[in-house]
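Each chain is listed here by its residues.
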2 protein chains.
Amino acid sequence: MTTSAERARERTPLTRERVVRVAVHRADEGGLEALTMRKLGRELEVEAMALYYHFANKSDLVDAMVDAVFGEIELPRPDDDWRTAMRQRAISVREAMARHRWAIGLMESRASPGPASLLHHDAVIGNLRASGFDMAMAAHAYSLLDSYIYGFALTKMSLPFDATDDVAEVAQGMLEPFPVDAYPNLVAFITEHAMKPGYDLEDEFEYGLDVILDAIERTRSPS
Amino acid sequence: MTTSAERARERTPLTRERVVRVAVHRADEGGLEALTMRKLGRELEVEAMALYYHFANKSDLVDAMVDAVFGEIELPRPDDDWRTAMRQRAISVREAMARHRWAIGLMESRASPGPASLLHHDAVIGNLRASGFDMAMAAHAYSLLDSYIYGFALTKMSLPFDATDDVAEVAQGMLEPFPVDAYPNLVAFITEHAMKPGYDLEDEFEYGLDVILDAIERTRSPS
DNA sequence: TCTCTGACTTTACGGTGTACAGTTCCGGCA
DNA sequence: TGCCGGAACTGTACACCGTAAAGTCAGAGA
């Protein structure tokens, strides 16, 4: 007979880092709503309450998970050209969101940001300032870029179907309860555009990103 | 003694519309996580399970709530100038988000959009097409605008403080656990910019919106 | 009068976050 | 050697959640 004490002795002890790593992995696969303290404990071979020794509550854990995602994002260096730095950062953020879809919507609205998050913001502002943006212009540029980046993630990447689904089929299902000719423009849009092969989210993202970078560049040196 | 039957006789019966109206109101005040079927039932003087006669499940109710928010947004008319129509729509969306902060993050990612949502998309595409945008350009413009609008709402309007809070105080609290000189650019940003009196979210929104509208206009008729 | 049905209630179940009180192990000290 | 304090975890319990399933009951129609 193996007692719980024996089990405890044989396993590697919990750390915040290990818990966060497993929690992120779990959320990547099943979404955040599938991440419960009990299931997470089970995966770590521990009772759920053990987690509360390392985290104040679930929100504390989620904060740490979000900060881990920030930690995966490439930081712009202060002496990089602002445009390439901002472009690279935007793409890096998008990639992190693609890996961790559950984090979309949490990255910019948490009450207690972690060190990676703060460092990230610090580096972005630092790069813009070093490139000659004054504070007001840096704020405008940052606001514009982040709104676009997170908005794109929200509106395009958290859609209720993934890459393996047939877009046309899903759209069909959405429109099915309504009269066939109720939304002619929408139907045309779907049939002529969205379900065309080769419509690529990444291309769409970079297209808009470059439009915005162009626009920011122009506000700096009006032609 | 008043039986439950007597209570039932004296009250106006539930309708989907009335339930949604009260539910939206409730979520406006306490957020979506404060909206439970039991509390909603209590407010409607009904048992929680009565709601399941009118809605398949909670997700069905939330779908209806989101569609009610879409119903509050002004529709662009097909013959309006695209730029004024898009500008007005963007502001109308932003205002709806301000009234219903719980809806941010739900508007564009529901599996079963309601009629108001579909009508909204149809009208936006219809306006752009009538203004001479081809399908690909309409898609680019729509993607860019929606990403910005919803991203702005997500990053700026769902922050963990509202208009009555002292921004400087909240920011101070966020940075407090870390060394004072860890994030110099961020600190400069907060002190020099964000907490300046007169920094207005609405101004920031419209500034970025006009930058994007300019950029879209330019992609139509490259100078 | 009887039955049917729409609208609601009652009861119950499994799952959730987490408060609070044990339990066990280990390192340092008498 | 004996003890003891704290770190790390377990056990139990509670209030609350969404919702399945069955029961109730007033009024409409035959």
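Residues numbered from 1 in each chain as written. Chains lettered and ligands numbered in written order. Predicted model: local features only at pLDDT ≥ 70, side-chain atom pairs only at ≥ 80, totals over all residues.

A count of helical and extended segments in chain A gives 11 helices and 0 strands. In sequence order, the secondary structure elements of chain A are arranged as α-α-α-α-α-α-α-α-α-α-α. In terms of overall dimensions, chain A is more spread out than a globule: its C-alpha atoms have a radius of gyration of 22 Å, far above the 17 Å expected for 223 residues. Seen through its C-alpha atoms, chain A measures out along the principal axes to roughly 75 × 55 × 25 Å. Burial status across chain A gives 35% buried among its 223 residues. (Helix = DSSP H or I, 4+ residues; strand = E, 2+ residues; numbered from the N terminus. Rg over C-alpha atoms; globule rule 2.2 N^0.38 Å. Buried ≥ 20, exposed ≤ 12 C-beta atoms within 10 Å, placed from the backbone.)

Right, let's talk about the interface of chain A and chain B for a bit. Interface size is commonly expressed as the accessible surface area that is lost when the partners come together. Residue-level contacts link 47 residues of chain A with 47 residues of chain B. Mapped onto the side of chain A that touches chain B, the elements with two or more residues apiece are helix H7 (115–130), helix H8 (135–157), helix H10 (184–194) and helix H11 (201–220) of chain A. In terms of residues, the side of chain A that touches chain B owes the most to one element, H8(A), which gives 15 residues. (Contact = placed C-beta atoms within 7 Å.)

Glancing now at the relation of the copies chain A and chain B. Superposition of the two copies of the chain requires a rotation about an axis and a shift along the axis. Taken as rigid bodies, chain A and chain B are interconverted by a rotation of 180° and an axial shift of 0.0 Å, the fit giving an RMSD of 0.1 Å. Read as a symmetry element, the transformation amounts to a two-fold axis. In terms of C-alpha distance to the rotation axis, chain A has A:Gly151 as its closest residue, with the C-alpha 1.7 Å off the axis. Most of the interface of chain A is mirrored in chain B: 100% of its interface residues are interface residues there too. (Least-squares fit on C-alpha atoms with pLDDT ≥ 70 in both.)

A:Glu47, A:Met49, A:Ala50, B:Thr36 and B:Lys58 are the nearest of the 20 residues found near DNA strand D. For the surface near DNA strand D, the secondary structure elements donating two or more residues are helix H1 (4–10) of chain A together with helix H1 (4–10) and helix H3 (37–43) of chain B. Considering each element in turn, the surface near DNA strand D owes the most residues, 3 residues, to H3(B). Class assignment for the residues of the surface near DNA strand D results in 12 nonpolar, 3 polar and 5 charged. (Near = placed C-beta within 6 Å. Nonpolar A, V, L, I, M, F, W, Y, C, P; charged D, E, K, R; others polar.)

Positionally, A:Glu192 belongs in helix H10. Take A:Glu192: there are 14 C-beta atoms within 10 Å of it, and that puts it in the partly exposed class.

Here the focus is H7(A). Residue pairs spaced three or four apart in an α-helix point in one direction, given the helix's 3.6 residues per turn. Residues and elements named next belong to chain A. A rise of 1.5 Å per residue sets the reference length of H7, with its 16 residues, at 22 Å; its end C-alpha atoms lie 22 Å apart and thus fit the reference within 8%. Residues of H7 that are buried: Ser117, Leu118, Leu119, His120, Ala123, Val124, Ile125, Gly126, Asn127 and Leu128. Two residues or fewer past H7, glycine 132 is found with a positive phi of approximately 100°. (Expected span 1.5 Å × (residues − 1).)

Take the packing of helix H6 (residues 82–99) of chain B against helix H8 (residues 135–157) of chain B next. Residue and element names in this part refer to chain B. The interhelical angle for the contact between H6 and H8, taken along N-to-C directions, is 30°, at an axis separation of 10 Å. One way to sum up the angle between H6 and H8 is to call them roughly parallel. Between H6 and H8 lies a crossing of right-handed hand. Facing H6, whose interface residues are Met86, Ala90, Val93, Arg94, Met97 and Ala98, H8 presents Leu145, Ile149, Ala153 and Met157. Of the residues assigned to the contact of H6 with H8, the class counts are 9 nonpolar, no polar and 1 charged. (Axes fitted to C-alpha atoms, helices over the stretch in contact; angles between N-to-C directions. Parallel < 35°, antiparallel > 145°, perpendicular 65-115°, else oblique. Left-handed = near helix turned anticlockwise from the far one by under 90°.)

It is the contact of H11(A) with H8(B), at a shortest axis distance of 10 Å, that shows an interaxial angle of 75°. Taken together, the axes of H11(A) and H8(B) lie roughly perpendicular to each other. Contact residues: A:Glu204, A:Tyr207, A:Gly208 and A:Val211 in H11(A); B:His140, B:Ser143, B:Leu144 and B:Ser147 in H8(B). Along the lines of polarity and charge, the residues of the contact of H11(A) with H8(B) split into 3 nonpolar, 4 polar and 1 charged.

Residues and elements named next belong to chain B. Examined against the element boundaries, valine 22 turns out to sit in helix H2 (residues 16–30). Remark: the alpha-carbon pair of valine 22 and leucine 44, spanning 22 residues in sequence, is separated by 7.9 Å. For valine 22, the contacting residues outside a window of four places in its chain are Leu40, Glu43 and Leu44.

Attention shifts here to the environment of A:Val46. Structurally, A:Val46 can be placed in the loop between helix H3 (37–43) and helix H4 (51–54). Considered as a pair, A:Val46 and A:Asp122 are 76 residues apart in the sequence and their alpha carbons are 37 Å apart.

The next point concerns the confidence of the model for chain A. Averaged over chain A, the pLDDT score is 91; the fraction of residues at 70 or greater is 91%. Per-residue pLDDT stays below 50 along residues 1–9 of chain A; that stretch engages in 1 contact with residues further than four places along the chain or on separate chains. (pLDDT = per-residue confidence, 0-100.)

Helix length check: helix H11 (residues 201–220) of chain B, at 20 residues, gives a terminal C-alpha distance of 29 Å against a target of 28 Å (1.5 Å per residue), a fit within 8%. Those residues of H11(B) that fall on the buried side of the exposure criterion are B:Phe205, B:Gly208, B:Leu209, B:Val211, B:Ile212, B:Leu213, B:Ala215 and B:Ile216. At its buried positions, H11(B) is contacted by H8 and H11 of chain A together with H6 and H8 of chain B.

Moving on to unusual backbone geometry. All names here are of chain A. Unlike most non-glycine residues, glutamate 45 shows phi in positive territory, near 60°. Within the element layout of this structure, glutamate 45 appears in the loop between H3 and H4. Exposure remark for glutamate 45: the 13 C-beta atoms within 10 Å place this residue in the partly exposed category.

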